[in-house]
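Observations on the three-dimensional arrangement
Read off the chains here:
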Amino acid sequence: MLKKKIVVAYSGGLDTSVMVKWLSEKYNADIITATGFLGQVKEIEGVKEKAAQTGAVKSYVLDLREEFITQYVWKALKAGALYEGAYPMATAIGRPLLAKMLVDIAVKENADTVSHGCTGKGNDQVRFEVGVQALAPQLDIIAPLRLWEFKSREEEMEYAVKHNIPIKASKDNPYSIDENLWGIAIECGVLEDPTAAPPEDAYQITTSPQNAPDKPATITIGFEKGIPVTLNGTELNPVELVSQLRDLGAAYGIGRLDLIENRVVGIKSREIYEAPAAIILHTAHSELERLVLDKETFRYKQDVSNKIANLIYDGLWYSPLFNALSAFVDSTQENVTGEVKLELYKGNIKTLSRSSQYSLYNKKLATYTVEDTFDHKASEGFIKIYGLPYKTLCHVKNQSNEEVTA
Ligand code: ARG
């Protein structure tokens, strides 16, 4: 009989390293590791060697950065998707792509099972598993962290030492960190106390606003149909553009968030985020939309943004509703072309200018000078009719015998 093959979503950290050995023993299986490179700087070094040392028969390390930015991040950016109005969802946007990677490799390798290292109380288990179910429902899914006997990191470490699994002595970092180009999520340790301000060492990439440069930086971002294409007038490929904004934003203390959020499984959690590129680009993008979207589309899109953010957060990226709402968003982006100039200064972003060939801002209509072309008298009749329902209502309330006139 052929040996069972399991494709494991592998980060190279303690959990997934222990998982490789544990799965191969428990299921008498060949383990193939799959690591998607989405721009996580620290973890990716030596991951292939580590996988081999841990006992994987084969390992994939795929640079998915371009696909991540163009097929996933841009959709969320165009949608203005910020979960609970704030979190730009670097982790939540990355998971569906990693689920797709697992599925692609499982199909290629003829494996019937995939596995991930998410815990039983987080959102990521939902995102991975719903993603796999939507793309390849024939695959079995094993989530060792929901099943295995280890009750603490220490027990996992013991197992790792016993089985010669290479692990970094990781007492130095008390946090659980998830990183990609769009942002970093940091939880655990002292952060579990929502009354405690995050210590400076919780932040992994951003300079504290206090220590950021005393002189501001000015940047100009150019958009085409809702997608950022230039930085300071230079066309950049998507990965380069996001990387440069991440580094620059981080140096100016931009993109720190400290949030309590509602998880899919119903608990509230406290998480710290650093998302310089995401916050800069969402700010610039929404500023441009303010200029070019007509009033009704602008207002309606606010509801759609919120709905899309919930779908992404809740693991429903590969769903008909997400596709349908994304098509709506794309239609709204037809005229979201233009430039936004921002100032970055000690953790803050200020809009300096916005411009577009599709700008709906009409100076002659808006001005209070003699240039004014707006017919002020026309407002009188408009407001009479516009207010008529409330005038009628008041008459009824007061049982007034007077005639209601428009
Ligand atoms: N709370 C975030 C989300 O569900 C991030 C989860 C991963 N966080 C972490 N520190 N490992 O999208």
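Our structure's up above, just so we're on the same page.
A short tour of the structure in this document, coming up.

Quick notes on the rules
- Residues numbered from 1 in each chain as written.
- Predicted model: local features only at pLDDT ≥ 70, side-chain atom pairs only at ≥ 80, totals over all residues.
- Heavy atoms only, no water.
- Core = buried A, V, L, I, M, F, W, Y, C linked by side-chain atoms within 4.5 Å.
- Buried < 20%, exposed > 50% of the residue type's maximum accessible area, 1.4 Å probe, protein only.
- Helix = DSSP H or I, 4+ residues; strand = E, 2+ residues; numbered from the N terminus.
- Contact = heavy atoms within 4.5 Å.
- Axes fitted to C-alpha atoms, helices over the stretch in contact; angles between N-to-C directions.
- Parallel < 35°, antiparallel > 145°, perpendicular 65-115°, else oblique.
- Left-handed = near helix turned anticlockwise from the far one by under 90°.
- Phe/Tyr/Trp six-rings, centres within 6.5 Å; stacked < 30°, edge-to-face > 60°.
- 1 Å grid on protein atoms, 1.4 Å probe; cavity = no way out; pocket = protein on both sides within 12 Å on 5 of 7 lines; lining within 4 Å.
- Points joined across faces, edges and corners; volume = space filled by probe spheres on them.
- Nonpolar A, V, L, I, M, F, W, Y, C, P; charged D, E, K, R; others polar.
- Salt bridge = Lys/Arg side-chain N within 4 Å of Asp/Glu carboxyl O.
- Pairing = 2+ DSSP bridges.
- Right-handed = clockwise from strand over helix to strand, strands pointing away.
- Patch = residues over 30% accessible without salt bridge, like charges linked within 9 Å, V, L, I, M, F, W, Y side chains within 5 Å.
- Areas by Shrake-Rupley, 256 points an atom, 1.4 Å probe, with all protein chains shown as cover.
- Near = heavy atom within 4 Å.
- Polar contact = N/O pair within 3.5 Å; in protein donor to acceptor, adjacent residues only side chain to side chain.

A closer look at the nonpolar core
By size, the foremost hydrophobic cluster in this structure holds 80 residues, and its most contacted members are Met89, Ile93, Trp182, Ile221, Leu281 and Ile312. In terms of residue count, helix α4 (residues 90-109) provides more of this core than any other element does, eleven residues in total. Setting aside chain neighbours within four positions, we find Ile312 in contact with Ala76, Ala81, Met89, Ala92, Ile93, Arg127, Trp317 and Phe322. Counting residues in each nonpolar core, the second largest holds 24 residues, with Val18, Trp22, Leu145 and Trp148 among its members.

Section: the packing of helix α3 (residues 65-79) against helix α9 (residues 276-292)
Two elements in contact, α3 and α9, have axes whose closest approach is 9 Å; the angle formed by their N-to-C orientations is 45 degrees. When the axis of α3 is compared with that of α9, the two are oblique. Judged by the twist between their axes, the crossing of α3 over α9 is right-handed. Where α3 abuts α9, its residues Trp74, Ala76, Leu77 and Lys78 lie against Leu281, His282, His285 and Glu289.

A word on the packing of aromatic side chains
As enumerated under the stated definition, the model contains eleven aromatic pairs in all. A ring pair is formed by Tyr72 and Trp317, whose centres lie 5.1 Å apart and whose planes are at 25 degrees; its orientation type is stacked. Here Tyr72, found in helix α3, pairs with Trp317, found in the loop between α10 (295-313) and α11 (320-332); they are 245 residues apart in sequence, far enough to count as distant. Trp317 matches Tyr72 in its accessibility class, with the two residues each being buried. Seen in terms of ring centroids, Trp317 and Phe322 are 4.3 Å apart; in terms of plane orientation they differ by 35 degrees. Their pairing is tilted.

Notes on the layout of surface pockets
By volume, the second largest pocket amounts to about 340 Å³. Along its surface, the second largest pocket is lined by 14 residues, and Gly80, Leu82, Ser286, Gln302 and Ser305 are the ones closest to its centre. Secondary-structure elements contributing two or more residues to the lining of the second largest pocket are α9 and α10. Considering only residue class, the lining of the second largest pocket consists of three nonpolar, eight polar and three charged.

A word on the pattern of salt bridges
Where charged atoms from two side chains of opposite charge come close, those side chains can pair. Scanning the model with the defined rule gives 20 salt bridges in all. Across the salt bridge formed by Asp124 and Arg95, the nearest N and O atoms sit 3.1 Å from each other. Highlighted residues: Asp124 in helix α5 (residues 124-135) and Arg95 in helix α4, separated in sequence by 29 residues. The same class applies to Asp124 and to Arg95, which are both buried. A salt bridge links Glu129 to Arg146, with the shortest nitrogen-to-oxygen separation between them at 2.9 Å. One end of the pair, Glu129, is in helix α5; the other, Arg146, is in helix α6 (residues 144-147), with 17 residues separating them in the sequence. Overall, the relative accessible area of 41% leaves Arg146 in the partly exposed class. Connected via shared salt-bridge partners are Arg95, Asp124, Arg127 and Asp178.

A short note on the pairing of strand β1 (residues 4-9)
Looking down a regular strand, the side chains alternate between one sheet face and the other. Two elements, β1 and strand β2 (residues 29-37), share six bridges in a ladder whose sense is parallel. Across the sheet, residue Ala9 finds its bridge partner in β2, namely Ala34. Chirality of the crossover, the property in question, places the unit of β1, helix α1 (residues 14-26) and β2 among those that are right-handed. Bridge analysis of β1 against strand β4 (residues 113-115) gives three bridges, and the strand direction is parallel. Following the sheet pairing, Val7 is matched in β4 by Val114.

Section: unusual backbone geometry
Its identity is not glycine, yet Lys225 carries a phi of approximately 45 degrees, on the positive side. When you line up the elements, Lys225 lands in the loop between β8 (217-224) and β9 (227-231). Since its relative accessible area comes to 43%, Lys225 is described here as partly exposed. For Lys346, which is not glycine, the phi torsion reads 45 degrees and is therefore positive. Within the element layout of this structure, Lys346 appears in the loop between β13 (338-345) and β14 (348-355).

Description of a nonpolar patch on the surface
Among the surface-exposed residues, Val264, Val265 and Ile267 lie close enough to one another that they form a single nonpolar patch of about 190 Å² accessible area. Take Ile267: it is sitting in the loop between β11 (256-262) and β12 (268-274). Residue classification places Ile267 among the partly exposed residues on the basis of a relative accessible area of 32%.

Some points on the site of the ligand
Tyr87, Asn123, Ser176, Glu261 and Glu271 are the nearest of the 16 residues found near the ligand. Take Tyr87: an N or O atom from its side chain is 2.5 Å from an oxygen atom of the ligand. A distance of 3.3 Å separates a nitrogen atom of the ligand from a polar atom in the backbone of Ala185. Calculation on the ligand without its partners gives an accessible area of 350 Å², and the protein chains cover 92% of this total. Put simply, the parts of the chain that give the shell around the ligand at least two residues each are α4, α5, β6 (176-180), β7 (183-187) and β12. Its residues assigned to classes, the shell around the ligand shows seven nonpolar, three polar and six charged.

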